[in-house]
Amino acid sequence: MYVPAAFREEDLAAIHRVMREARLVQLVTAGPDGPIATPLPMLLAADEGEQGVLYGHMARANPHWRASVTGHALAIFMGPDAYVSPSWYASKQADGKVVPTWNYVSVHAYGPVEFFDDAQRLLQVVSGLTDRHEAAREAPWSVSDAPADYIAAMLRGIVGVRLPIARIDAKRKMSQNRGAEDRAGVRAGLAASDDPTDRAAATLVPR
């Protein structure tokens, strides 16, 4: 990913926060037949290794996990993103030399991918992902709520994914390259949007 210095994010805690908040990840591998991508939720184990380890699972019927992998896999996490109208820039009034752009947060995590089908490891991954996404519910559902033999049968239909993070490219493009007045205009424009993702992006534009 192209990351100009003004937009580079290097704070690992902030990067991990983006990864935890991402709802769906694109897992990409490349081989002799070209790239393959699978969308899936992933769980970050931040305390494993220097930069963390990612866990997830995919359907056993998915040919992705059987495909030959060349080099490292790539997990793509997206944070808030939003269209930025040039009409929000105060500098538009000066000379009109402004154009639209897109603000966004993205994290690319690279590492050697492992696929596994050990039932106990799979149960840990499925339980961890479930607990994470059920936590905010009034009455959280737990994997243990289902019959054990049913869960065992479901686990036979999936394959686990483990990706120790070897390298990270993290980008936070939130109008840092604009002046204070232009940034204020972007914040106000996004904050006034009916789209919750736009409003989330507004909070990330620096003051």
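Residues numbered from 1 in each chain as written. Predicted model: local features only at pLDDT ≥ 70, side-chain atom pairs only at ≥ 80, totals over all residues. Heavy atoms only, no water.

Per an unreviewed UniProt entry, the recorded name for the protein chain is Transcriptional regulator, and the organism is Bordetella bronchialis.

Structural notes on the overall build of the protein chain
Counting its regular elements, the protein chain contains six helices and nine strands. Counting the 207 residues in the protein chain, one finds 42% classified as buried. Here the analysis covers contacts within the protein chain between residues at least 6 apart in sequence; of these, 73% occur between residues at least 24 apart. Taken as a whole, the protein chain presents about 11400 Å² of accessible surface, with 53% of it coming from carbon and sulfur. The average position of the 22 basic charges and that of the 24 acidic charges among the side chains of the protein chain differ by 6 Å. (Helix = DSSP H or I, 4+ residues; strand = E, 2+ residues; numbered from the N terminus. Buried < 20%, exposed > 50% of the residue type's maximum accessible area, 1.4 Å probe, protein only. Contact = heavy atoms within 4.5 Å. Areas by Shrake-Rupley, 256 points an atom, 1.4 Å probe, with all protein chains shown as cover. Lys, Arg positive; Asp, Glu negative; His and termini not counted. Charge placed at Lys NZ, Arg CZ, Asp CG, Glu CD.)

With respect to the pairing of strand 8 (residues 158-164)
Taken across its seven residues, strand 8 has five buried, putting it largely inside the fold. Taken together, the seven bridges between strand 4 (residues 53-59) and strand 8 define a ladder with antiparallel strand orientation. Residue Ala-59 lies in a different strand from strand 8, and its bridge partner there is Ile-158. Where strand 7 (residues 114-116) meets strand 8, three bridges bridge the pair, whose relative direction is antiparallel. Following the sheet pairing, Glu-114 is matched in strand 8 by Arg-162. (Pairing = 2+ DSSP bridges.)

Overview of the sheet that holds strand 1 (residues 25-31)
Reading across the sheet, the five strands line up as 2-1-5-6-9 and stay open at both edges, with antiparallel pairing between neighbours. Pairing within the sheet leaves two strands with one partner each, and these edge strands are strand 2 (34-40) and strand 9 (167-173). With direction set aside, neighbouring strand axes in the sheet form an average angle of 20 degrees. Here seven bridges tie strand 1 to strand 2, and the two strands are oriented antiparallel to one another. (Axes fitted to C-alpha atoms, helices over the stretch in contact; angles between N-to-C directions.)

Structural notes on the environment of Trp-141
Relative to the helices and strands, Trp-141 resides in the loop between helix 3 (119-134) and helix 4 (148-155). Separated by 53 residues in the primary sequence, Trp-141 and Trp-88 place their C-alpha atoms 44 Å from one another. Non-local contacts of Trp-141, meaning those with residues more than four positions away in its chain, are made with Thr-130, Glu-134 and Ala-146.

Observations concerning helix 1 (residues 12-21)
Within an α-helix, residues lying three or four positions from one another point in the same direction, as the helix has 3.6 residues per turn. For helix 1, every residue scored as buried is listed here: Ala-14, Ile-15, His-16, Val-18 and Met-19. In this fold, the buried residues of helix 1 make contact with strand 3 (43-45), strand 4, strand 5 (73-84), strand 6 (101-111), helix 3 and strand 9. If you check the start of helix 1, you find a side-chain oxygen 2.9 Å away from the backbone N of Ala-13, and it comes from Asp-11. (Polar contact = N/O pair within 3.5 Å; in protein donor to acceptor, adjacent residues only side chain to side chain.)

A few points about the pattern of salt bridges
Scanning all chains against the criterion turns up seven salt bridges. Arg-172 is paired through a salt bridge with Glu-9; the nearest N and O atoms lie 3.1 Å apart. Of this pair, Arg-172 sits in strand 9 while Glu-9 is found in the segment before helix 1, placing the two residues 163 residues apart along the sequence. Given the relative accessible area of 18%, Arg-172 is considered buried. The shortest N-O distance in the salt bridge between Asp-117 and Arg-60 comes to 3.6 Å. On the criterion of sequence distance, the pair formed by Asp-117 in the loop between strand 7 and helix 3 and Arg-60 in the loop between strand 4 and strand 5 is long-range, its members being 57 residues apart. Classification of Asp-117 by relative accessible area gives partly exposed; the value is 48%. (Salt bridge = Lys/Arg side-chain N within 4 Å of Asp/Glu carboxyl O.)

Notes on helix 5 (residues 180-191)
Between its terminal C-alpha atoms helix 5 stretches 16 Å, which fits the 16 Å expected from twelve residues at 1.5 Å a residue. Buried residues of helix 5: Asp-182, Arg-183, Gly-185, Val-186, Arg-187, Gly-189 and Leu-190, and no others. Structurally, helix 5 contributes buried residues whose contacts are with strand 5, strand 6 and helix 6 (196-202). (Expected span 1.5 Å × (residues − 1).)

What about the sheet that holds strand 7?
Pairing is antiparallel in the open sheet, where four strands are placed in the order 3-4-8-7. The open sheet has two edge strands, strand 3 and strand 7, and neither has a second partner. Between one strand axis and the next, the sheet turns by 25 degrees as a mean value, whatever way the strands run. The strands that helix 3 touches are strand 3, strand 4, strand 7 and strand 8; relative to strand 4, the one it contacts most, it runs at about 100 degrees.

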